[in-house]
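Examination of the molecular architecture
The chain contents come next:
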Amino acid sequence: MKLEQYGKRLSSPYLRKAMKIHSDVRKFMSDFLKNERDFVEIPPVIISAITDPLNHPTTKSQVQVYGYTYELTKSMIFHKQIAMHALDKIFSFSPNIRLEPTERKKTGRHLIEFTQIDVEQKNASREDVMNLAEDLVIYTIKKLLEKDSDILKSVGRDLKIPTKPFKRIAYAEALKNYGEDFETKLSKEAKEPFWLIDIEITEREFYDREDPTRPGILLDMDLIYPEGFGEASSGGEREYELDQIYKRIAKKGQTPEQFKWYIEFVKKFGLIPSAGFGIGIERFVRFVMGAKDVKDVTLFPKAPGEYYPI
Ligand code: ASN
């Protein structure tokens, strides 16, 4: 994006509205978790010796510090698990850097720099955190409809309060009925947010816990927006047993050395069972506004493969 374009878009009324929604989304999500559910907000981690390997390829972004190499955070997953030693219920507005392949600039859903509200709860089951995420989404939408109905009306968005519980679709069933592109198809068809659950082990990272009663199936979930807006969130129960962690890392073709300090930590202190999820804030705002692209609702957007002067 050229400097001139950047300058011009800053005074667009649409962007101003989007940023007001963005600000209110953060406020309501935070209010809900702090005031209604006793969660503690923790500061985000920006650089770390290890970060989320993610299940899809991204280019590593690193910084050299005092002769050591740190990665920029792709998600706070490992820190969330470790934070369970200090606190029972946490969340963070976590800036993530993911250098996605250039093709992803056209999806409408990808920025290389974005923020997710990352939530984790000690000794919680998948069921507990799905319930929590539903309440969080419903609370936030209700509050936005109360406070920002003028904005939503002015952009022609007829936003509905989702009905609880959200529908669930098992990964295998979605794949069988809709083929590889099931997520897009299901999202387009849906009128309300829904869950994709029981994702196959090969499709996710080692930290999502395998169901001990159903080998190969994870105790995880994705939240999908309706009307074609696609993925909102991913999360699940976490793997906390070291032998399983080793097994899962090997299954991914990764090595324990890649996650050295995490493994060292687990050896020395162990992990506490937990479950959690992360909801992308820009994607949430895009859904609320009914916008075409996350770029359109972001003050300083950075799309994959492009250079931005600001
Ligand atoms: N935040 C996600 C989770 O809690 C992880 C991710 O963003 N990859 O599972």
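Rules of the game
Residues numbered from 1 in each chain as written. Predicted model: local features only at pLDDT ≥ 70, side-chain atom pairs only at ≥ 80, totals over all residues. Heavy atoms only, no water. Pairing = 2+ DSSP bridges. Helix = DSSP H or I, 4+ residues; strand = E, 2+ residues; numbered from the N terminus. Contact = heavy atoms within 4.5 Å. Axes fitted to C-alpha atoms, helices over the stretch in contact; angles between N-to-C directions. Near = heavy atom within 4 Å. Polar contact = N/O pair within 3.5 Å; in protein donor to acceptor, adjacent residues only side chain to side chain. Areas by Shrake-Rupley, 256 points an atom, 1.4 Å probe, with all protein chains shown as cover. Buried < 20%, exposed > 50% of the residue type's maximum accessible area, 1.4 Å probe, protein only. Salt bridge = Lys/Arg side-chain N within 4 Å of Asp/Glu carboxyl O.

**Regarding the sheet that holds strand β7 (residues 167-170)**
What the 8 strands build is an open sheet, ordered β1-β5-β6-β11-β10-β9-β8-β7; its pairing is mixed. Here the strands that pair on one side only, and so sit at the sheet edges, are β1 (40-41) and β7. Of the strand pairs in this sheet, strand β5 (residues 89-97) and strand β6 (residues 113-122) are connected by 9 bridges, and their pairing is antiparallel. Across the sheet, Lys89 pairs through a bridge with Gln121, a residue of β6. Most of the contacts of helix α6 (residues 171-178) go to β7, to which it runs at about 75°, and overall it touches β7 and β8 (194-197). Across the sheet, helix α10 (residues 281-289) lies against β5, β6, β9 (220-225), β10 (230-237) and β11 (274-280), angled at about 55° from β11, the strand it touches most.

**Some remarks on the site of the ligand**
Of all residues adjacent to the ligand, which total 13 residues, the nearest are Asp52, Lys80, Arg98, Asp118 and Arg238. One of the side-chain nitrogen or oxygen atoms of Asp52 is found 2.9 Å away from a nitrogen atom of the ligand. Within the side chain of Arg98, a nitrogen or oxygen atom sits 2.9 Å from an oxygen atom of the ligand. In the complex, 94% of the free accessible area of the ligand, which totals 270 Å², lies under the protein chains.

**Concerning unusual backbone geometry**
The amide bond that connects Lys164 to the next residue, Pro165, takes the cis arrangement and shows omega of -5°. Here Pro165 is to be found in the loop between α5 (149-154) and β7. Positive phi is not limited to glycine here, since Asp38 has a value of about 60°. Looking at the secondary structure, you find Asp38 in the loop between α2 (13-36) and β1. Of the residues examined, Asp38 reaches a relative accessible area of 61% and is grouped as exposed. Look at Tyr66: it is not a glycine, yet its phi comes out positive at around 50°. Topologically, Tyr66 is positioned in the loop between β3 (62-65) and β4 (68-72).

**Description of the sheet that holds strand β2 (residues 47-48)**
One open sheet accounts for 3 strands, arranged β2-β4-β3; its pairing is antiparallel. Only two strands of the sheet have a single neighbouring strand rather than two, namely β2 and β3. In this structure, β2 lies alongside β4, joined through 2 bridges in antiparallel fashion. Bridge pairing in β4 places Ser48 opposite Glu71.

**Here's the deal with the pattern of salt bridges**
Per the counting criterion, the structure on display carries 30 salt bridges. Two residues, Asp24 and Lys147, come together in a salt bridge whose shortest N-O distance is 3.1 Å. You can see Asp24 sitting in helix α2 and its partner Lys147 sitting in helix α4 (residues 126-147), a full 123 residues away along the chain. The partly exposed category is assigned to Lys147, whose relative accessible area is 45%. The salt bridge involving Glu41 is made with Lys34; its shortest N-O contact spans 2.9 Å. A residue is classified by how much of its surface remains accessible, and Lys34, at 35% relative accessible area, is partly exposed.

**Considerations on the pairing of β8**
Every second residue of β8 is oriented toward a common face, with Phe194 and Leu196 on one face and Trp195 and Ile197 on the other, all of them buried. Both β8 and β9 contribute to a ladder of 4 bridges, which runs antiparallel. The residue of β9 that forms the bridge with Ile197 is Met221.

**A look at the environment of Thr102**
Here Thr102 is to be found in the loop between β5 and β6. Measuring from C-alpha to C-alpha, the distance between Thr102 and Gly305 comes to 4.4 Å, with 203 residues separating the pair along the chain. For Thr102, the residues in contact, after removing those within four places along its chain, are Pro304 and Gly305.

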